[in-house]
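Okay, here's what each chain looks like letter by letter:
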Amino acid sequence: MSSSSAVPAAKPPIRDALVAAAFRLFLERGFEQTTVDDIVALAGVGRRSFFRYFPSKEDVVFPDHEGCLADMTAFLAASGPEHEPVRRVCDAARLVLRMYAENPAFSVQRYRLTRQVPGLRAYELSVVWRYERALAEYLRDRFAGRPDGTLRADVIAAAVVAAHNNALRSWLRSDGVGDAGAAVDHALAYVQMTYARPADAPALWSGPAGAEPGPAGDVVVLVSRRDAPLWRVVQELETVLDRP
């Protein structure tokens, strides 16, 4: 095909162009030194176009969170009585991971930027709180009528967010290298093992990579206090498994 017949590349949508322009300037000049006028000039659009998509300069750093929060809310709203609630909120948290994993380069870039700008860090914390509130509201509804329903809902929601973010940030600090999904699954498994009904809690196998659990019939029974901290239970289990 001759060069004269080549189809020119389509321009990115205005919203995407604004995000790309903003991050280019943030990296070159710094967040505080970049103005909205600078962003729209580089993107080749008017000032009104910016505020049609983003209420503030901070919002352009987190362009996908509103959509992800809406997806999470819809996912939880579609839950039925057949869904174990702790497993359900863990699955909801994975929607956030998927958003980050779809564009690792952008996610790592944003992580670095938020570490450098205190105002963005505060903004990010407010976004995280909204995710946690959505999870807690769903759990409060599922645990309604229990004496400890509200407390249990809030504690589990906080645990899910903490576990998810611990694994996610480790992945971001590694520049997006490795399997983020596996890391988050491992972190959320601790939450399910602690709070989900026993039949719904995943089994945690921490043996060498590629190894399999013991042969059929090799059963370990561990007796522990109901209120024992998770780290103590795991420690005791590892001690038993290390015995000859």
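Residues numbered from 1 in each chain as written. Predicted model: local features only at pLDDT ≥ 70, side-chain atom pairs only at ≥ 80, totals over all residues. Heavy atoms only, no water.

1. As for the overall build of the chain
The following threshold applies: Each helix is a run of H or I in the DSSP string that is no shorter than four residues. Each strand is a run of E no shorter than two, and both are numbered from the N terminus. Each residue is placed in one exposure class: buried if its accessible area under a 1.4 Å probe, protein chains only, is under 20% of its type's maximum, exposed if it is over 50%, and partly exposed if it falls in between. Only the protein chains shown count as covering a residue, and every accessible area follows the Shrake-Rupley method with a 1.4 Å probe.
The helix and strand tally for the chain stands at 10 helices and 0 strands. Counting from the amino terminus, the chain carries its helices and strands in the arrangement α-α-α-α-α-α-α-α-α-α. A burial count over the chain gives 36% of its 244 residues as buried. With an accessible surface of roughly 14700 Å², the chain has 55% of that area assigned to carbon and sulfur atoms.

2. Structural notes on the packing of helix α5 (residues 85-101) against helix α6 (residues 104-116)
Selection rule: Only the stretch in contact is used when fitting a helix axis, every axis being a line fitted to C-alpha atoms; angles between N-to-C directions are given from 0 to 180 degrees. Orientation is classified from the angle alone, with under 35 degrees giving roughly parallel, over 145 giving roughly antiparallel, 65 to 115 giving roughly perpendicular, and any other angle giving oblique. By the convention used here, residues are in contact when the closest approach between their heavy atoms is within 4.5 Å. Residues are grouped as follows: Ala, Val, Leu, Ile, Met, Phe, Trp, Tyr, Cys and Pro are nonpolar; Asp, Glu, Lys and Arg are charged; every other residue, Gly included, is polar.
Between α5 and α6, the shortest axis-to-axis distance is 7 Å and the interhelical angle comes to 100°. Between α5 and α6, the angle is such that the two are roughly perpendicular. Where α5 abuts α6, its residues Met99, Tyr100 and Ala101 lie against Pro104, Ser107 and Arg110. The class makeup of the residues in the contact of α5 with α6 is 4 nonpolar, 1 polar and 1 charged.

3. With respect to the nonpolar core
Where we set the bar: Only buried residues count toward a nonpolar core, which is a set of Ala, Val, Leu, Ile, Met, Phe, Trp, Tyr and Cys residues joined through side-chain atoms within 4.5 Å.
Within the largest apolar cluster, 42 residues are counted, with the highest numbers of intra-cluster contacts made by Met72, Val89, Tyr131, Leu135, Leu139 and Val160. Residue assignment for this core shows that the elements contributing at least two residues are α4 (65-77), α5, α6, α7 (118-142), α8 (149-173) and α9 (180-195). The dominant element in this core, judged by the number of residues it contributes, is α8, at 11 residues.

4. Considerations on the environment of methionine 99
By the secondary structure assignment, methionine 99 is in helix α5. A relative accessible area of 9% means that methionine 99 is categorised as buried. With near-sequence residues (within four places) excluded, methionine 99 lies in contact with Asp64, His65, Cys68, Arg110 and Tyr131.

5. A closer look at the confidence of the model for the chain
Using the following cut-off: The pLDDT value tells you how sure the predictor is about a given residue, anywhere from 0 up to 100.
The predicted model of the chain has a mean per-residue pLDDT of 83, with 76% of residues at 70 or higher. Counting contacts from residues 203-219, a segment whose pLDDT is below 50, to residues more than four positions away or on other chains yields 6 contacts.

6. As for the side chain of glutamate 124
Checked against the element boundaries, glutamate 124 lands in helix α7. Residue glutamate 124 is classed as buried on the basis of its relative accessible area, which comes to 9%. If we skip the residues at most four places from it in the chain, glutamate 124 touches Phe62, Tyr100, Thr114, Arg115 and Arg169.

7. Details of α9
This is how the line gets drawn: What a helix is expected to span follows from its residue count: subtract one and scale by 1.5 Å. Think of a polar contact as two N or O atoms within 3.5 Å of one another; within protein, one of them needs to be a possible hydrogen donor and the other a possible acceptor, and neighboring residues in sequence only count if both atoms come from side chains.
Taking 1.5 Å per residue, 16 residues should reach 22 Å; α9 reaches 23 Å between its end C-alpha atoms and fits that length. Along α9, the residues classified as buried are Ala180, Val184, Ala187, Leu188, Ala189, Val191 and Gln192. Close packing links the buried residues of α9 with α5 and α8. At the N-terminal boundary of α9, the capping side chain belongs to aspartate 179, with an oxygen 3.0 Å from the backbone nitrogen of glycine 181.

8. So, the packing of aromatic side chains
Centre distance and the angle of the planes are the two values used to describe a pair of aromatic rings. Note the threshold: A pair of Phe, Tyr and Trp rings is counted when the ring centres sit within 6.5 Å of each other, with Trp represented by its six-membered ring. The angle between the planes then sorts it: under 30 degrees is stacked, over 60 is edge-to-face, the rest tilted. Lysine NZ or arginine CZ positioned within 6 Å of the ring centre and within 35 degrees of the ring normal marks a charge as sitting over the ring.
Using the criterion set out here, one finds 6 aromatic pairs in the structure. Judged by centre distance (4.9 Å) and plane angle (55°), the ring pair of phenylalanine 26 and phenylalanine 31 falls under tilted. With a centroid separation of 5.2 Å and an interplanar angle of 80°, the aromatic rings of phenylalanine 50 and phenylalanine 51 are classed as edge-to-face. A network of ring pairs unites the aromatic residues Phe23, Phe26, Phe31 and Phe106 as a single cluster. Above the face of the phenylalanine 31 ring, lysine 57 is positioned so that its terminal group lies 4.3 Å from the ring centre.

9. Here's the deal with the packing of helix α1 (residues 14-29) against helix α2 (residues 36-43)
To keep it simple, the criterion reads: Should the near helix be turned counterclockwise from the far one by less than a right angle, the crossing is left-handed, whereas a clockwise turn marks it as right-handed.
At their nearest, the axes of α1 and α2 sit 8 Å apart, and the two run at 120° to each other. Of the possible angle classes, the one that applies to α1 and α2 is oblique. Crossing hand, α1 versus α2: right-handed. Residue-level contacts link Ala17, Leu18, Ala21, Ala22, Arg24, Leu25, Phe26 and Arg29 of α1 to Asp38, Ile39, Val40, Leu42 and Ala43 of α2.

10. A look at the environment of valine 108
Checked against the element boundaries, valine 108 lands in helix α6. Taking the C-alpha atoms as reference points, valine 108 and tryptophan 171, 63 residues apart in sequence, are found 8.9 Å from one another. With residues up to four places along the chain from it excluded, the contact list for valine 108 reads Leu172, Asp175 and Gly176.

11. Some remarks on the pattern of salt bridges
What counts, and what does not: By convention in these notes, a salt bridge is any Lys or Arg side-chain nitrogen within 4 Å of a carboxyl oxygen on Asp or Glu.
Applying the stated rule across the entire model yields 12 salt bridges. Linking arginine 94 and aspartate 91 is a salt bridge whose minimum nitrogen-to-oxygen distance equals 2.7 Å. Residue arginine 94 and its partner aspartate 91 are both found in helix α5; the two are separated by 3 residues, about one turn of the helix. Residue classification places arginine 94 among the partly exposed positions, given a relative accessible area of 23%. Using a relative accessible area of 29% as the deciding quantity, one classes aspartate 91 as partly exposed. A salt bridge links glutamate 124 to arginine 115; the nearest nitrogen and oxygen atoms lie 3.3 Å apart.

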